[in-house]
Amino acid sequence: VTDFVAAIWLVLDPYVLGVVLASACFGLFVGSIPGLSATMAVALLVPVTFFMPPLPAVATMVTATAMAIFAGDVPGALLRIPGTPASAAYCDEAHAMTRKGQVEMVLGAGLVFSVIGGLFGTIVLMTAAPLLADAALAFSSFEYFWLVLLGLTCAVFISPGRPVKGLVSLCLGLLFSTIGFENPAAYPRFTFGSTALMSGLQLIPVMIGMFAVSEVLRFAASADKPLEPVVQQIGRVFKGQGALLRRYPMATLRGSVLGTLVGALPGAGADIAAWMSYGLSKRFSKTPEKFGTGHPEGIVEAGAANNAALAGAWIPALVFGIPGDSITAIVIGVLYLKGLNPGPTIFIENTVTIYAVFLVFLLANLLLIPLGWGLIKIAKNVLHVPRNVLMPVILLFAVVGAFAINNSVFDVGVMLAFGLLGYVMEANGFPIAPTILGLVLGGMLEQHFVTSMIKSDGQMMAFVERPVAGVLGAVTTFIWLTPLAMRLMTRLRGGVRGGAA
Amino acid sequence: MLMNLAAVVFGLVLYAVVVGALGFFVTSTLFLALLFTAFGVPVRWMAVLAVIVPIVLHYMFYTGLRVPLPWGVLEGMAW
């Protein structure tokens with residue numbers, strides 16, 4: 001309890017509060033501009049947080065993402081263009097409601113249920129993460145090896161599109177993670193004689209490239225149409241939201257739970273949570289035929305899900321150092337820089353800071369109510385910001401940010417290379433999250449593997465002898481074998497049918 | 001729109017190559033001018049923003065965050 005009080009004082013520091021407010025406005029702005037995503041907001045914030053103490057650095061990211069995911073709903077409703085990928089699932093529905101003259105209702109629902117989902121996810125994070133950490137204290141390198149492998153496996157199979165593309169993306173990330181001499185044998189790999197590559201790829205320029213530069217490239221490649229919001233006047237947004245909550249309590253709960261779970265699974269974040277939730281909502285609805293015609297039920301459920309996913313993603317990130325989504329992949333990099341090494345001991349060694357981070361989560365979600373309301377009121381003006389002016393400025397900011405981390409022009413080159421890679425991958429349907437996960441976790445996977453092999457004196461059986469390791473290994477193997485088994489089944493059945501005919 | 005894509009890539013490569021010699025201010029202004037032209041931003045906006053934005057960023061990173069941005073040709077007026 002004394003830790004909790006200390007945490008409250010940490011958060012009430014005017015500097016922290018100021019940082020939270022500033023990053024909230026930044027997050028709302030970035031989220032509401034189509035083509036600028038929540039992940040991009042975090043990637044752009046990293047160079048700035050680099051020079052802050054740990055708590056405000058983490059607070060900026062927590063706040064900016066919570067704001068950005070809601071703000072993405074606004075252009076979805078007004079322009080039929082999602083502000084962030086997390087709002088894409090119900091963008092058509094939201095716009096249909098706007099055309100029916102229910103713009104207050106849809107924006108208000110986005111706001112209220114974002115807050116509910118965000119608070120739900122935060123409470124799960126606050127209770128589940130310390131419990132999980134207690135259990136994880138007994139984990140050895142065997143369990144960690146399987147956990148990392150399971151995380152990478154989830155990233156491949158949950159990613160949208162074909163698993164093969166996810167697998168290619170993952171292997172690319174693992175390959176990049178081997179660059180440099182920071183491996184168990186300290187042998188320089190893939191450095192091509194370059195001293196800049198000796199210490200491996202710097203995560204932050206890679207992230208800025210993949211999440212900010214690639215978006216600017218996508219903007220440059222597409223024909224730019226000026227954004228024209230359809231609505232002129234927006235009235236009272238909170239009217240009727242209580243009734244909505246009373247009408248769809250199950251949908252709200254289902255969205256929050258599913259969002260938190262999907263967020264906690266590595267490689268899947270707010271966008272996938274929203275798609276799954278919207279689909280589930282339609283399946284369980286009493287009136288599925290109304291979906292797509294401007295019906296609030298799916299927006300309630302998916303709107304809660306994508307905000308809940310944000311906090312859910314922090315559970316594996318804090319407890320195991322395994323990011324739950326692309327945003328926490330960046331956050332983990334920042335945590336290491338700040339000496340807040342993720343892992344089960346973080347709850348023992350940095351109790352106060354972690355409590356303070358939880359409080360910032362709560363604060364950010366509560367702050368979303370007034371600030372989100374403000375954004376809705378001025379949305380018309382925000383959406384008029386010309387993107388052809390904004391994009392070059394963001395690019396320059398990205399360049400300076402990539403440079404600032406190590407004062408090295410080489411990192412600007414890394415940023416550009418990964419920006420191009422991210423753009424080409426997205427344009428061809430390859431998910432980016434597995435690459436990022438592979439890059440972040442590759443070193444950890446190798447280290448735990450080598451440590452385990454040394455401990456067991458080369459005995460492979462040791463990987464499945466401990467009970468928890470055995471179960472994790474079985475689950476991982478099962479996930480990999482299922483698609484193969486299913487293909488084999490269909491082929492066998494097809495063969496029988498072919499023989500009968 | 002391939003031209004715009006090429007402009008972004010070319011701009012970034014150029015930036016990395018010349019920033020050491022020309023310094024932050026000159027390179028950033030040229031960089032913004034190039035991209036604003038490619039994206040069709042009106043000239044009077046372009047002239048103002050290409051000068052003001054680098055100054056704001058310089059203040060943020062050089063003064064605020066103490067990142068040693070290169071001065072290049074403007075070494076004489078460094079602060």
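This one's a predicted model, so the numbers in the text were calculated from it and none came from an experiment. (Residues numbered from 1 in each chain as written. Chains lettered and ligands numbered in written order. Predicted model: local features only at pLDDT ≥ 70, side-chain atom pairs only at ≥ 80, totals over all residues. Heavy atoms only, no water.)

J.: So what's going on with the environment of Trp480 of chain A? Residues and values would help.
T.: Residue and element names in this part refer to chain A. Summarising the element assignment, Trp480 is placed in helix α23 (residues 467–500). Using a relative accessible area of 31% as the deciding quantity, one classes Trp480 as partly exposed. Note: C-alpha distance between Trp480 and Val213 (267 residues apart in sequence) is 33 Å. Not counting residues up to four positions away in its chain, the partners in contact with Trp480 are Thr153, Val156, Phe157 and Leu167. Of note is the side chain of Trp480, whose polar atom sits 3.0 Å from the side chain of Thr153. (Helix = DSSP H or I, 4+ residues; strand = E, 2+ residues; numbered from the N terminus. Buried < 20%, exposed > 50% of the residue type's maximum accessible area, 1.4 Å probe, protein only. Contact = heavy atoms within 4.5 Å. Polar contact = N/O pair within 3.5 Å; in protein donor to acceptor, adjacent residues only side chain to side chain.)

J.: Got a sec to walk through the interface of chain B and chain A? Specific residues and values, please.
T.: Facing the 30 residues of chain B at the interface are 31 residues of chain A. Taking both partners together, chain B and chain A bury about 2600 Å²; carbon and sulfur atoms supply 90% of that area. The tally of links from chain B across to chain A stands at 0 salt bridges. Counting across the interface, chain B meets chain A through 1 residue pair in polar contact (both at pLDDT 80 or more). Elements with a contribution of two residues or more to the side of chain B that touches chain A: α1 (2–22), α2 (24–38) and α3 (43–64) of chain B. Sort the elements by how many residues they give to the side of chain B that touches chain A and α1 of chain B lands first, with 9 residues. Among the residues making up the side of chain B that touches chain A, the classes are represented as 27 nonpolar, 3 polar and no charged. (Buried area = accessible area lost by both parts, 1.4 Å probe. Salt bridge = Lys/Arg side-chain N within 4 Å of Asp/Glu carboxyl O. Nonpolar A, V, L, I, M, F, W, Y, C, P; charged D, E, K, R; others polar.)

J.: Break down empty space enclosed by the protein for me, citing the residues and quoting the values.
T.: Summed over the entire model, instances satisfying the criterion amount to 5 cavities of 30 Å³ or more. When its volume is computed, the largest cavity comes out at roughly 70 Å³. For the lining of the largest cavity, the elements supplying multiple residues, two or more each, are α19 (387–406) of chain A together with α1 of chain B. Looking at the lining of the largest cavity element by element, the count peaks at 3 residues for α19 of chain A. Roughly 50 Å³ of internal volume is contained in the second largest cavity. (1 Å grid on protein atoms, 1.4 Å probe; cavity = no way out; pocket = protein on both sides within 12 Å on 5 of 7 lines; lining within 4 Å. Points joined across faces, edges and corners; volume = space filled by probe spheres on them.)

J.: Kindly report on the pattern of salt bridges, identifying the contributing residues and their values.
T.: All names here are of chain A. Evaluated as defined, the whole model comprises 6 salt bridges over all chains. Of the charged contacts, one joins Asp92 and Arg80 as a salt bridge, the two residues approaching to 3.0 Å between their closest N and O atoms. Of the two residues, Asp92 sits in helix α6 (residues 91–99) while Arg80 sits in the loop between α5 (73–79) and α6, which places them 12 residues apart along the sequence. Judged by its relative accessible area of 45%, Arg80 is partly exposed. Note that Glu426 is salt-bridged to Arg218, the shortest N-O span being 2.9 Å. Taken together, the residues span a long stretch of sequence, with Glu426 in helix α20 (residues 409–427) and Arg218 in helix α10 (residues 203–221) at a distance of 208 residues. When its relative accessible area of 38% is taken as the criterion, Glu426 is described as partly exposed. For Arg218, a relative accessible area of 26% corresponds to the partly exposed category.

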